[in-house]
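Remarks on the overall topology
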Amino acid sequence: MSGESIDFISVIIDLNPYIWSASKLSLEQTINHILIFVNSHVSLNYNNQVAVFYSHPNSTDFLFPKHSESLDKKLEARNKPGNAYKQFWHINEQILFNLKALASLDTEEEEFKPSLLSNTISMALTYINRIIRKYEPQTVNSRIIIVSVSPDIPSQYITIMNNIFCAQRLMIKMDICKLLNEDSVFLQQAAYLTSGVYVKVEYPERLIHYLMHSFLPNSSMRETLALRSGDQVDFRAACFCHKKIVDVGFVCSVCLSSKEFIY
Amino acid sequence: MNVGQDLREKLKDSELLKLNLIQTDPMTNFSSLHPQFQTNLHNALICGGVNNNFGQQNEQPDKNSVDTKFLDSYALEAWESVLHYLVGTQSRKLSKSLLHLLRNSGLMDLKGDQLVITRKGFQFLLQDVKVQVWAFLLQYLDSATDLHMDSIDMLNFLFQLGNLEFGKDYSLEVLTDTQKIMLTELKHMGLVYQRNKKSSRFYPTRLATSLTSGQMISSSDSSQESEGYIVLETNYRLYAYCISPLQIAVLSLFVDLKARFPNMVVGLITRDKVREALEKGITAEQIISYLTSHAHPEMRKSNPVLPVTVIDQLRLWELEKHRIKAVPALLFSEMSGEQEFNDILEIAKRFNCLVFANKKDRSIVVNSEGGDKVKSEYRRIREERRQNRG
């Protein structure tokens, strides 16, 4: 029993309020789809584990696992409905509770602020590292699934690239589910470099189908499936000093940073 | 269509097909999930549906509610009393149906008018509690047809039990009659707790809720002696910090116990004692895994947990038993000459049934399947030669 490997997924949900309020897609529905996806992953094998993170312009944190006293009290008071599977119910209630807590903190702001995506990825990576150590000597196959809605933020280029290389080293696949907005250059590269999948969702209201088909199979299953792979990966880099995505740039021969101009 | 054919070939022996979860349409070659499984899986994933598949919790809190500690000790006591009965250190009388089960499963057998433990029973003792519980429940399911109970209903209940939450109370109202009968049975085994017969609620214990999970629960896991208690030294000396007669009885299966102190026993693992255990059908692997899973925390600090010398010796003692391998065979001897010997040897080799051959005293041994073939073939060759000569 202990010889079996653990499949661990970290789901990162981009909760940028500016983008969600502007889009026609309902956040509630999307969250429901993601919850069902998380349930299916957990149901595949009792060794499977999951963590869910959110990425917001002001903060980034766990949605699951995250215990708090108020949550425990609430769960204590409410009985589990007879139709809910124990594990599913715990995960779902925790995620929803933490989401509601987050929503109550939200204040209205005029200006667009980008989500702290790179911070969230770093957090997911450190958590995965902890999980790997916790279950030694069992092998942990981990993946990060990013449900992205924001456009690329060039100022995050360096940190995201660092995250990608770290994931590469730890053999963590990064799967990208691009839900809204146009293709993301950085995340395409992330999926390509870590041999994950990149899927641009054409019908966001049918998100669950995309999640089930492209993101549920683990790495060993993927070998036998014909998955959609990124046809064309945009390899453009961002200028290190101007934080702009450039078509043609210069690379410093010493530090390998890419620059828009030479001084 | 070709792909479908391919897939069907692959699916032919698959577990899913055997479990009837997948069905293939012979006309179109399409495979699909069983519709009922499909809807139920769907319901489970979205936490919906109407069947209350995962147990109905009681609305009102229990006046006489019990805590997890009580449930643990209750389960332990009930299950250990079954095991105690098995090793014959029984203080409490078991229920009639449990005794019936013990006999039916071949763990105990009637000798005179007394039940005594069998070979299978000894093996049973060394297994993990969960394996033991499952073995028991399977036997119970098997005997269900004799008791005129619906085994599907019972299985349903068992899986439901595995999904209940430990420490919560559940209502009896939604259970079917079969399941209520089962409940009393499971109560005796320590899988569920019911305050008294009239109580309308029951509590699943850890034995029940871990039925469908992957982790093993070792017998002492939930009790005060949650840590292991066995210290084994390289000189085969074994110190066990235990007071329970059950644990001592299990240990005495393969350990020559020398002394008993208020809180520990001292023994020696000897060849005679281990061979005795092997005779009873216990394998060296079972002994090793038992010792490993109950090793004292101090022992766990080293890697490997048990001294290598002892493990190796246990395996060697087991191998001693397998020095001779018996094969049903046929012996050809007293042949007329070199020619005949070579002919038969040739044929035996051709049929791939040669077990042993000795050129010096001209004897050949072939296995029993090949015996007749070799005989008739040799007769044919001899006949052919004679005709050629003639």
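Thresholds, definitions, all that
Residues numbered from 1 in each chain as written. Chains lettered and ligands numbered in written order. Predicted model: local features only at pLDDT ≥ 70, side-chain atom pairs only at ≥ 80, totals over all residues. Heavy atoms only, no water. Helix = DSSP H or I, 4+ residues; strand = E, 2+ residues; numbered from the N terminus. Contact = heavy atoms within 4.5 Å. Areas by Shrake-Rupley, 256 points an atom, 1.4 Å probe, with all protein chains shown as cover. Rg over C-alpha atoms; globule rule 2.2 N^0.38 Å. Buried < 20%, exposed > 50% of the residue type's maximum accessible area, 1.4 Å probe, protein only. Lys, Arg positive; Asp, Glu negative; His and termini not counted. Charge placed at Lys NZ, Arg CZ, Asp CG, Glu CD. Arc of directions from axis to C-beta. Pairing = 2+ DSSP bridges. Axes fitted to C-alpha atoms, helices over the stretch in contact; angles between N-to-C directions. Domains from an automatic or database assignment. Buried area = accessible area lost by both parts, 1.4 Å probe. Salt bridge = Lys/Arg side-chain N within 4 Å of Asp/Glu carboxyl O. Polar contact = N/O pair within 3.5 Å; in protein donor to acceptor, adjacent residues only side chain to side chain. Nonpolar A, V, L, I, M, F, W, Y, C, P; charged D, E, K, R; others polar. Expected span 1.5 Å × (residues − 1). 1 Å grid on protein atoms, 1.4 Å probe; cavity = no way out; pocket = protein on both sides within 12 Å on 5 of 7 lines; lining within 4 Å. Points joined across faces, edges and corners; volume = space filled by probe spheres on them. Phe/Tyr/Trp six-rings, centres within 6.5 Å; stacked < 30°, edge-to-face > 60°. UniProt positions renumbered as here; feature names shortened; annotations may be inferred. Core = buried A, V, L, I, M, F, W, Y, C linked by side-chain atoms within 4.5 Å.

A count of helical and extended segments in chain B gives 17 helices and 14 strands. Considering only contacts within chain B whose residues lie at least 6 apart along the sequence, 59% involve residues at least 24 apart. Put simply, chain B shows about 22600 Å² of open surface, and 51% of that area lies on carbon and sulfur atoms.

In terms of helices and strands, chain A carries nine helices and ten strands. A globule of 263 residues ought to have a C-alpha radius of gyration of about 18 Å, and chain A, at 19 Å, matches this closely. The buried share of chain A, taken over its 263 residues, is 49%. Sequence-distant contacts in chain A: of pairs separated by 6 or more residues, those separated by 24 or more amount to 70%. Split by element, the accessible area of chain A, about 13400 Å² in all, is 55% carbon and sulfur. With 24 positive and 26 negative side-chain charges, chain A shows a spacing of 4 Å between the two charge centroids.

All names here are of chain B. If you check which residues of helix H5 (residues 96-104) are buried, you get Leu-98, Leu-99, Leu-101 and Leu-102. End-on view of H5: buried residues confined to an arc of 155°, all on one side of the axis. Contact partners of the buried residues in H5: helix H4 (68-87), strand S3 (108-111), strand S4 (114-117), helix H7 (129-142) and helix H9 (177-189). Gly-106, located one to two residues past H5, shows a positive phi value of around 80°.

Okay, the sheet that holds strand S14 (residues 363-367) of chain B next. Residues and elements named next belong to chain B. If you walk across this open sheet you meet the three strands as S12-S14-S13, and the pairing is antiparallel. The sheet is open, and its two borders are formed by strand S12 (329-332) and strand S13 (354-358), each paired with just one other strand. Averaged over neighbouring strand pairs, the angle between their axes works out to 15° when direction is ignored. Sheet topology places S12 next to S14; four bridges connect them, and they run antiparallel. Looking at S14, one finds that Leu-330 is bridged to Val-366. Contacts from helix H17 (residues 368-389) reach S12 and S14, with the element oriented near 120° to S14.

Next up on the list: the domain arrangement of chain A. It is common to give the size of an interface as the accessible area that goes away when the parts come together. All names here are of chain A. By domain assignment, chain A separates into domain 1 (6-229) and domain 2 (233-263). Once you take the C-alpha centre of each, domain 1 and domain 2 turn out to be 30 Å apart. Facing the ten residues of domain 1 at the interface are ten residues of domain 2. Across the domain 1 to domain 2 interface the summed buried area is about 960 Å²; carbon plus sulfur atoms make up 75%. Taken as a group, Tyr-157, Ile-158 and Val-185 account for 42% of the area that domain 1 buries against domain 2, more than any other trio of residues on that side. Where domain 1 packs against domain 2, one counts zero salt bridges. At the surface where domain 1 touches domain 2, the tally comes to one residue pair in polar contact (both at pLDDT 80 or more). For the side of domain 1 that touches domain 2, the secondary structure elements donating two or more residues are helix H6 (157-169) and helix H7 (185-193). The greatest single-element share of the side of domain 1 that touches domain 2, amounting to five residues, is contributed by H7.

The next thing to look at is the sheet that holds strand S10 (residues 256-260) of chain B. All names here are of chain B. Strand order in this open sheet of four strands is S8-S9-S11-S10, and the pairing throughout is antiparallel. Every other strand in the sheet has two partners, leaving strand S8 (230-232) and S10 as the edge strands with one partner each. Neighbour-to-neighbour, the strand axes of this sheet turn through a mean angle of 20°, independent of strand direction. In this sheet, strand S9 (residues 237-240) lies alongside S8 in antiparallel orientation, the contact comprising three bridges. When the bridges of S9 are listed, Ile-230 appears paired with Ala-240.

Looking now at the domain arrangement of chain B. All names here are of chain B. The assigned domain composition of chain B is domain 1 (2-45), domain 2 (68-209), domain 3 (230-321) and domain 4 (329-389). Computed over C-alpha atoms only, the centres of domain 2 and domain 3 are separated by 29 Å. Domain 2 puts ten residues into the contact, and the matching count from domain 3 is 13 residues. Counting each side, the surface lost to burial between domain 2 and domain 3 is near 1100 Å², with a carbon and sulfur contribution of 73%. For the domain 2 face of the interface with domain 3, the top three residues by lost area are Phe-122, Gln-123 and Leu-126, together amounting to 52%. At the junction of domain 2 and domain 3, the tally comes to zero salt bridges. Taken together, domain 2 and domain 3 are joined by zero residue pairs in polar contact (both at pLDDT 80 or more). Secondary structure elements with two or more residues in the side of domain 2 that touches domain 3: H4 and helix H6 (119-125). When the residues that make up the side of domain 2 that touches domain 3 are grouped by side-chain class, the tally is five nonpolar, three polar and two charged.

Glancing now at H4(B). All names here are of chain B. Here H4 spans 28 Å end to end across 20 residues, near enough to the 28 Å set by a 1.5 Å rise per residue. Taken together, the buried positions of H4 are occupied by Leu-71, Asp-72, Ala-75, Ala-78, Trp-79, Glu-80, Ser-81, Val-82, Leu-83, His-84, Tyr-85 and Leu-86. At the exit of H4 stands Gly-88, carrying a positive phi of roughly 85°.

Applying the stated criterion across every chain, the model contains three cavities of 30 Å³ or more. Put simply, the second largest cavity is a space of about 110 Å³.

Ring pairs (aromatic) are described by centroid distance and by the angle formed between their planes. Residue and element names in this part refer to chain A. If you walk through the whole model with that rule in mind, you get 17 aromatic pairs over all chains. Seen from their ring centres, Phe-53 and Tyr-127 are 6.3 Å apart, and the 75° between their planes marks the pair as edge-to-face. Taken together, the positions of Phe-53 in strand S2 (residues 49-55) and Tyr-127 in helix H5 (residues 117-134) put the pair 74 residues apart, joining distant regions of the chain. By relative accessible area, which is 0% here, Phe-53 ends up buried. Aromatic pair Tyr-192 and Phe-235: ring centres 5.1 Å apart, planes at 75°, arrangement edge-to-face. With Tyr-192 in helix H7 and Phe-235 in the loop between helix H9 (219-222) and strand S7 (237-238), the pair connects residues that are 43 residues apart, well separated along the chain. A single burial state applies to Tyr-192 and to Phe-235, both of which are exposed.

Let's shift gears to the UniProt feature "domain: Transcription factor Tfb2 C-terminal" (unreviewed entry) in chain B. UniProt marks residues 312-376 of chain B with the feature "domain: Transcription factor Tfb2 C-terminal" (unreviewed entry), using the numbering shown here. Helix makes up 49% of residues 312-376 of chain B and strand 22%, with an end-to-end C-alpha separation of 48 Å.

B:Trp79, B:Phe136, B:Leu251, B:Phe254 and B:Ile269 are the most contacted members of the largest nonpolar core, which has 74 residues in total. Counting the residues that make up this core, at least three belong to each of domain 2 (68-209) and domain 3 (230-321) of chain B. Counting 40 residues, the second largest nonpolar core, distinct from the first, contains A:Phe37, A:Val42, A:Leu99 and A:Phe215.

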